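Here are the chains, one letter per residue:
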There are 2 protein chains.
Amino acid sequence: MPFPLRRVPTAEFERVLAGIGAAPDRTRAFAALTRINTLYMITRAGSGHLGSSFSACDIVCRLLLDELSDPFEEHGDVYFSSKGHDVPSLYAALIGLGQLPEEQVHRLRRLGGLPGHPDVATAHMPFNTGSLGMGVSKAKGLILSDRLRGRSRRVFVLMGDGELQEGQVWESLGGAARNGMSELTLIIDHNKIQSDTLVSAVADLGDIEARFASYGWGVLRCDGNDVNALAKVFTARSERFPDRPAVVIADTVKGAGCPTFAATSMPAGEWRYRFHSGAPGDEDYLAAHAELMASADALLKSAGLAPLRLTDEDPRPAAPAAAGPRLPEVYGRVLLKRAADDPRIVALDADLVLDTGLIPFSRAFPDRFLEFGIAEQDMVSAAGGLAAGGLLPFVHSFSCFLHARPNEQIYNNATEGRRVVYVGSLAGLLPAAPGHSHQAVRDVSALGAVPGLVVLEPANAREVAAAVDHCLTADGSVYLRLVSAPVPEAVAALPAAPLRTGHGHTVRAGGRIVAIGSGPVVLGQLLEAAWLLESDGVDLRVVNLPWLNRVDADWLAGLAAEADVLLVVENHYTHGGQADTVARALLEAGLPDLPVFHGLGLTEVPACGAPAEVLQAHGLSAGQLAERVRALTAAAAR
Amino acid sequence: MPFPLRRVPTAEFERVLAGIGAAPDRTRAFAALTRINTLYMITRAGSGHLGSSFSACDIVCRLLLDELSDPFEEHGDVYFSSKGHDVPSLYAALIGLGQLPEEQVHRLRRLGGLPGHPDVATAHMPFNTGSLGMGVSKAKGLILSDRLRGRSRRVFVLMGDGELQEGQVWESLGGAARNGMSELTLIIDHNKIQSDTLVSAVADLGDIEARFASYGWGVLRCDGNDVNALAKVFTARSERFPDRPAVVIADTVKGAGCPTFAATSMPAGEWRYRFHSGAPGDEDYLAAHAELMASADALLKSAGLAPLRLTDEDPRPAAPAAAGPRLPEVYGRVLLKRAADDPRIVALDADLVLDTGLIPFSRAFPDRFLEFGIAEQDMVSAAGGLAAGGLLPFVHSFSCFLHARPNEQIYNNATEGRRVVYVGSLAGLLPAAPGHSHQAVRDVSALGAVPGLVVLEPANAREVAAAVDHCLTADGSVYLRLVSAPVPEAVAALPAAPLRTGHGHTVRAGGRIVAIGSGPVVLGQLLEAAWLLESDGVDLRVVNLPWLNRVDADWLAGLAAEADVLLVVENHYTHGGQADTVARALLEAGLPDLPVFHGLGLTEVPACGAPAEVLQAHGLSAGQLAERVRALTAAAAR
């Protein structure tokens, strides 16, 4: 039975702010309202980082309401979150303060709305974050520019405790101390749980206070869900360390604010915190909403205010029809099977065991499952060491991080001739809700020239199995590009074709108008485009070429001989990917006649939003592809 | 007056090892001989890292002679250097021990010889190093593979103190402690001087012992140039920390072993240590050689052995004829001039102030010169912060590091729309003496798809000035690719042409056989090839296209109309660079007739060696290019 989602109108925030004179009560009440709207936003969006948003909420509210001078003015103090995925509660607070338009409360993770990670296009977002570990470095740059321009403002940066595993954090600390950056305060949202599970289980931080102190930073610690304690710690920060950067280690509870989400409510022995990302189910939503309302009303009552008046909004959108299994999940099962027969296989993970499909492997082969935490560079170089020792490492992360953060380490492994399989999930434009820090659309370019490394993108479950088998027997290294978005039915149904490096195969027979693509997103749109084109009498042939940085010259020459138009569609920037590789090979083949050639892909930084609206925004929807095919067909006929 | 270079024959090492019964005297004497040959090798090679080789020499000799079990057997203990540039003394020791062929003593940094940084193709080099910060990660991988395969050996890794500025080091420590890696010993060659100057002046390490201890490592400290102290510290390492990884902070002197090179001999107030890289001049060579001989003979005498019998070898090769200024030097002067007029300009450096041409800037604008140490990720994200604050950051490092280590950070800046200029020196295949960790031939591919970023490679001093001016007024970001090898005379003499994005210009008029290239190396070889081809009646037109990831469609169409053959030659891998960009544009232009097209570049990991031999090894010498042009011309005529 659908029920309305409920949220706090901005007018109610105003009433509470006006009605409660001072911190800490005012801040507490404001935080309570902020949590209600954070829950609303994430539930409506269908995904978002609840746990982090709630653990950091009191810190954010204390900063915005009480600590920062003129935070919404150009000259004022600056706050931003380096981990970034806690941004829903920041958005909710900014909307409550009238600093973002109220209607945006409905548009988290939608095109033209509020991205899943911060983006400078949104007001009061100084930096794009979500690529972890960059916050202190960016803050230092801002402070250095202020000093050179004769300005002065304080900068507060929030980081996650899992984020501290990134090497860049430790690169960035020394310079702040050497420069006596009293302007800079780092706050660690120390909620003890990273993406998958407890920080202590993934990559324990050891003596975190000693670590910061050894870099010359002032170190303070407090309860980060207690606005009173936060008030005191910020006072102590200026008094005790007036001449240097300081870190506040804020002990928080992931999901703090209501028992349903609070990590302290996790049953004993439970391995996984359930509210890191995604959206709560109906039952959890209703329970948490009631808990949050009770807290808020208690605070209002003790301040002598009338109970909160919520707005009923539409029920949450129906969940998309049950899709088949996602490719990373399929991949994880295939790897598990192969590992049973092949003792060389080891799996390396960087805190994404769930999203990379590795849970079954980690349980079946605990000794051969190696967890590195959020430390991709370390993981990749260790894979080189494992390969040197005679094993076959499969290295996992989200593609956005795996191709870029350890880019030099991947190259270094290649120069040693090590055989390593890099498996990047969440590849490509979709899902587009997390935002561009998580949309890997530059990976083929960034890795395409690594010697001896092939980039391979399977389209469905059968191709995933074939791809894993290829990895086991290939001569060189493989970057396996796994789309995590659901596989469209038409693509899921495609039969497997034998994998031969640089060779493609036809997945929809057709005439002399030929489209090349790979992976579930592109092939799904192309198959749909072919269907749309049928009524125009255009018989589009669709070819699946899963090799993104290789094409066999003879195979391509054969295809070209049968084509008047050759369109390459990429789930990637137009530059440095498959279209470049195909074009180069086509031209160098020295054929007597060449088809009309065109490549389509992304020309802009990926938009955030729902799949259909984002494909449309980038001109990659089936309808738009059909339109391009019509235009190219007309050109070829001229 | 040329004089012979002198070295210790392997037979003399054998005599000394046989004649002195035990450590520490045996080790001391062996180290003395090793230093003499290290000096010989670097002087003959014309370049190499003397200071580090000498500071680490006693550690290396103690390990190889006394600490490691069966170091030259498959099952034995493993030693490698993570910083890698101290490898000349390791080579000298291995040659002295008969573990590398004696004739290799003459072949440091030569094709088929001993690379400037370690490579697995050389015996007893477990890993490719020289890309800093990877050592502990690789060692962990090796140890994990040993454990899984039921083997056990100890692994000793040497790191530089400057190297500790790399974030990856701090990513890698925690996992070793969590896994109780008692097999792993890290030794810090704490010589207090990094590439440019004192570590404390660049990026002070703070309380280095506390830092390691905070990660759960055992920490020990000793005099790293005293083999007795080293013996004691390694005993203490096993006794005190039998269940976990440990670090030995070895206090050393850069250039230890003779007063001429010892950093302790630096005059008071001297800013720069002179023997980090390069080769000593005649006077320094002779002085140091005499000092080293005196030390060695004193040790032999006290052991009752006859004086050392050296072999006279050829004099050192004549230095190459004085070349014009290198492009980074020219660049530094241009930036200095522009900065005087443009207060937005700030320069960021990662411990390469000399090699990136920034010394004049750093002196003239100390406030606007920002030193980050060997921390490229931190530097690039800070540049984002500086740009956010309204400045125009110019970010510097060797290209090999700048395009790869902070690859994700560069992309992140781009998604914010920040305008940043990335200046990578030491780009391309030449100089080829340092080895592939320092030869940036994948940079265009790795950065080519970054939105809004153009890759621009100037060929001579005039083009450098024009390129800097372009950076000041461009809409987007620029990656300035600077070759550090000398500019050939013919290229130095080329007049400047106005820079228009994606447009090239003819630098040698010719007929319908056209070669496109950029930068001093490629254009130098092409101009020479054109001269060679004249006698065959082939009139090669050479076009300079300094834009490596952009080409203007109309300009290209015009060029194609005047060409029967179009050859693109790249100082880069064949994949993902200029040839792909040109081919794609050519094909998409839909021209009625297309020239015969071919791209040439690197297809293998770059070789180490002298410029001419390395160009030849990769098929990129003028003679080989001329040969290819002849073949293509014949093909076009068919």
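Coordinates for the structure precede this section.
Residues numbered from 1 in each chain as written. Chains lettered and ligands numbered in written order. Predicted model: local features only at pLDDT ≥ 70, side-chain atom pairs only at ≥ 80, totals over all residues. Heavy atoms only, no water.

**Q** Explain helix α23 (residues 622-637) of chain B residue by residue, including any values.
**A** Residue and element names in this part refer to chain B. In this model, α23 (16 residues) spans 22 Å end to end at C-alpha, consistent with the 22 Å of a helix rising 1.5 Å per residue. All buried positions along α23 are accounted for by Ala622, Leu625, Ala626, Val629 and Leu632. Viewed end-on, α23 has its buried residues packed into an arc of 125 degrees, placing them on one side of the element. The inward-facing, buried residues of α23 abut β15 (513-517), α19 (519-534), β16 (540-544), β17 (565-573) and β18 (596-602). (Helix = DSSP H or I, 4+ residues; strand = E, 2+ residues; numbered from the N terminus. Expected span 1.5 Å × (residues − 1). Buried < 20%, exposed > 50% of the residue type's maximum accessible area, 1.4 Å probe, protein only. Arc of directions from axis to C-beta. Contact = heavy atoms within 4.5 Å.)

**Q** Please set out the sheet that holds β18(B) residue by residue, giving values where relevant.
**A** Strand pairing in a sheet relies on backbone hydrogen bonds. The paired strands run either parallel or antiparallel. All names here are of chain B. In space, the 5 strands of this open sheet follow the order β14-β16-β15-β17-β18, with mixed pairing throughout. Unpaired on one side and paired on the other, β14 (505-508) and β18 mark the two borders of the sheet. Neighbour to neighbour, the strand axes of the sheet diverge by 30 degrees on average, direction disregarded. Relative to β17, β15 runs parallel, the two being bridged by 4 bridges. In the sheet register, Ile513 faces β17, and the bridge partner there is Val565. The strands that α19 touches are β14, β15, β16 and β17; relative to β16, the one it contacts most, it runs at about 170 degrees. Strand contacts of helix α21 (residues 578-588): β15, β17 and β18, with the helix running at about 145 degrees to β17, the strand carrying the most contacts. (Pairing = 2+ DSSP bridges. Axes fitted to C-alpha atoms, helices over the stretch in contact; angles between N-to-C directions.)

**Q** Summarise the relation of the copies chain A and chain B; cite the residues concerned and give the values.
**A** Mapping chain A onto chain B is achieved by rotating through 180 degrees and translating by 0.0 Å along the same axis, at an RMSD of 0.0 Å. One copy is carried onto the other by what is essentially a two-fold rotation axis. Both copies contact each other with a shared surface, as 100% of the interface residues of chain A are interface residues in chain B too. (Least-squares fit on C-alpha atoms with pLDDT ≥ 70 in both.)

**Q** Could you give an account of the sheet that holds strand β9 (residues 369-371) of chain A, naming the residues involved and the relevant values?
**A** Residues and elements named next belong to chain A. Strand order in the open sheet formed by 6 strands is β9-β8-β10-β11-β13-β12, with parallel pairing between adjacent strands. Both edges of this open sheet fall to β9 and β12 (453-456), since each of them pairs with a single strand only. Looking at each pair of strands side by side, their axes are set apart by 20 degrees on average, direction ignored. By the bridge criterion, 4 bridges tie β12 to strand β13 (residues 477-481) in an arrangement that is parallel. Paired with Leu453 across the bridge in β13 is Ser477.

**Q** Could you give me a rundown of the environment of A:Leu173, with the residues and numbers involved?
**A** Residues and elements named next belong to chain A. As for its placement among the helices and strands, Leu173 is situated in helix α6 (residues 167-178). Residue Leu173 is classed as buried on the basis of its relative accessible area, which comes to 0%. For the pair Leu173 and Tyr215, spaced 42 residues apart in sequence, the C-alpha to C-alpha distance is 6.4 Å.

**Q** Please give an account of the packing of aromatic side chains that cites residues and values.
**A** The full count for this structure, using the stated rule, is 28 aromatic pairs over all chains. With centroids separated by 5.6 Å and ring planes inclined at 40 degrees, the aromatic side chains of B:Trp170 and B:Tyr215 adopt a geometry described as tilted. With B:Trp170 in helix α6 (residues 167-178) and B:Tyr215 in the loop between α8 (208-213) and β5 (218-223), this residue pair connects regions lying 45 residues apart in the sequence. Every member of this aromatic cluster is reached through a ring pair, and the members are A:Trp170, A:Phe212, A:Tyr215, A:Trp217, B:Trp170, B:Phe212, B:Tyr215 and B:Trp217. (Phe/Tyr/Trp six-rings, centres within 6.5 Å; stacked < 30°, edge-to-face > 60°.)

**Q** Requested: an account of the pattern of salt bridges, with residues and values cited.
**A** All names here are of chain B. Counted according to the given criterion, the structure contains 78 salt bridges over all chains. Arg151 is the salt-bridge partner of Glu74, the closest N and O atoms lying 3.7 Å from each other. With Glu74 in the loop between α3 (50-67) and β2 (78-81) and Arg151 in the loop between α5 (135-148) and β3 (155-160), the pair connects residues that are 77 residues apart, well separated along the chain. Residue class for Arg151 comes out partly exposed when judged on its relative accessible area of 27%. In this structure, Arg508 and Asp539 form a salt bridge, with 3.1 Å as the shortest nitrogen-oxygen distance. With Arg508 in strand β14 and Asp539 in the loop between α19 and β16, this pair connects stretches of sequence that are 31 residues apart. (Salt bridge = Lys/Arg side-chain N within 4 Å of Asp/Glu carboxyl O.)

**Q** Residue-level account of the environment of A:Arg147, with values.
**A** Tracing the backbone shows A:Arg147 in helix α5 (residues 135-148). If we ignore the near neighbours within four places in the chain, the residues touching A:Arg147 are A:Asn179, A:Gly180, A:Met181, A:Ser182 and A:Glu183.

**Q** Account for the interface of chain A and chain B, naming residues and giving values.
**A** Residue-level contacts link 92 residues of chain A with 92 residues of chain B. Summed over both partners, the interface of chain A with chain B comes to about 7600 Å²; 53% of that surface belongs to carbon and sulfur atoms. Of all residues in chain A, the largest losses of buried area upon contact with chain B belong to A:Glu171, A:Glu408 and A:Arg584, amounting jointly to 10% of the total for that side. The partner of B:Asp580 in a salt bridge is A:Arg584, and the shortest N-O contact between them spans 2.5 Å. Applying the counting criterion to the chain A and chain B interface returns 49 residue pairs in polar contact (both at pLDDT 80 or more). Tallying contributions element by element places helix α13 (residues 376-388) of chain A first for the side of chain A that touches chain B, with 9 residues. Looking at the side of chain A that touches chain B residue by residue, the classes come out as 39 nonpolar, 30 polar and 23 charged. (Buried area = accessible area lost by both parts, 1.4 Å probe. Polar contact = N/O pair within 3.5 Å; in protein donor to acceptor, adjacent residues only side chain to side chain. Nonpolar A, V, L, I, M, F, W, Y, C, P; charged D, E, K, R; others polar.)

**Q** Run through helix α9 (residues 227-240) of chain A, naming residues and quoting values.
**A** Residues and elements named next belong to chain A. For α9, spanning 14 residues, the distance from its first C-alpha to its last is 20 Å, which sits close to the expected 20 Å at 1.5 Å a residue. Within the span of α9, buried status applies to Val227, Ala229, Leu230, Ala231, Val233, Phe234, Ala236 and Arg237. In the core, the buried residues of α9 are packed alongside α2 (25-45), α3 (50-67), β3 (155-160), β4 (184-190), β5 (218-223) and β6 (246-251). Taking the backbone nitrogen of Asn228 as reference, a side-chain oxygen 2.8 Å away marks Asp226 as the first, capping residue of α9.

**Q** Before we move on, can you summarise the packing of α2(A) against α3(A) with the specific residues and values?
**A** All names here are of chain A. The contact between α2 and α3 brings their axes to 9 Å, and the two run at 140 degrees. One way to sum up the angle between α2 and α3 is to call them oblique. Read as a crossing pair, α2 and α3 show a hand that is right-handed. Side by side, α2 and α3 meet where Arg26, Thr27, Phe30, Ala31, Thr34, Arg35, Thr38, Leu39 and Ile42 of the first sit next to Leu50, Ser53, Phe54, Cys57, Asp58, Cys61, Arg62, Leu65 and Asp66 of the second. When its residues are assigned to classes, the contact of α2 with α3 shows 9 nonpolar, 4 polar and 5 charged. (Parallel < 35°, antiparallel > 145°, perpendicular 65-115°, else oblique. Left-handed = near helix turned anticlockwise from the far one by under 90°.)

**Q** Run through unusual backbone geometry, naming residues and quoting values.
**A** The residue after A:Leu430, namely A:Pro431, is reached through a cis peptide bond having omega -5 degrees. Mapped onto the elements, A:Pro431 comes out in the loop between β11 (421-425) and α16 (443-448). Phi is positive for A:Asp70, which is not a glycine, with a value near 45 degrees. You can see A:Asp70 is positioned in the loop between α3 and β2 (78-81). With relative accessibility at 40%, the residue A:Asp70 sits in the partly exposed group. One non-glycine residue with positive phi stands out, namely B:Arg109, at about 60 degrees. Mapping B:Arg109 onto the fold places it in the loop between α4 (87-96) and α5. Classification of B:Arg109 by relative accessible area gives buried; the value is 7%.

**Q** Provide a residue-level description of the state of the cysteines, including the pertinent values.
**A** Under the defined criterion, the tally for this structure stands at 0 disulfides over all chains. Not part of a disulfide, A:Cys471 finds its nearest cysteine sulfur in A:Cys400, a span of 20 Å. (Disulfide = S-S within 2.5 Å.)

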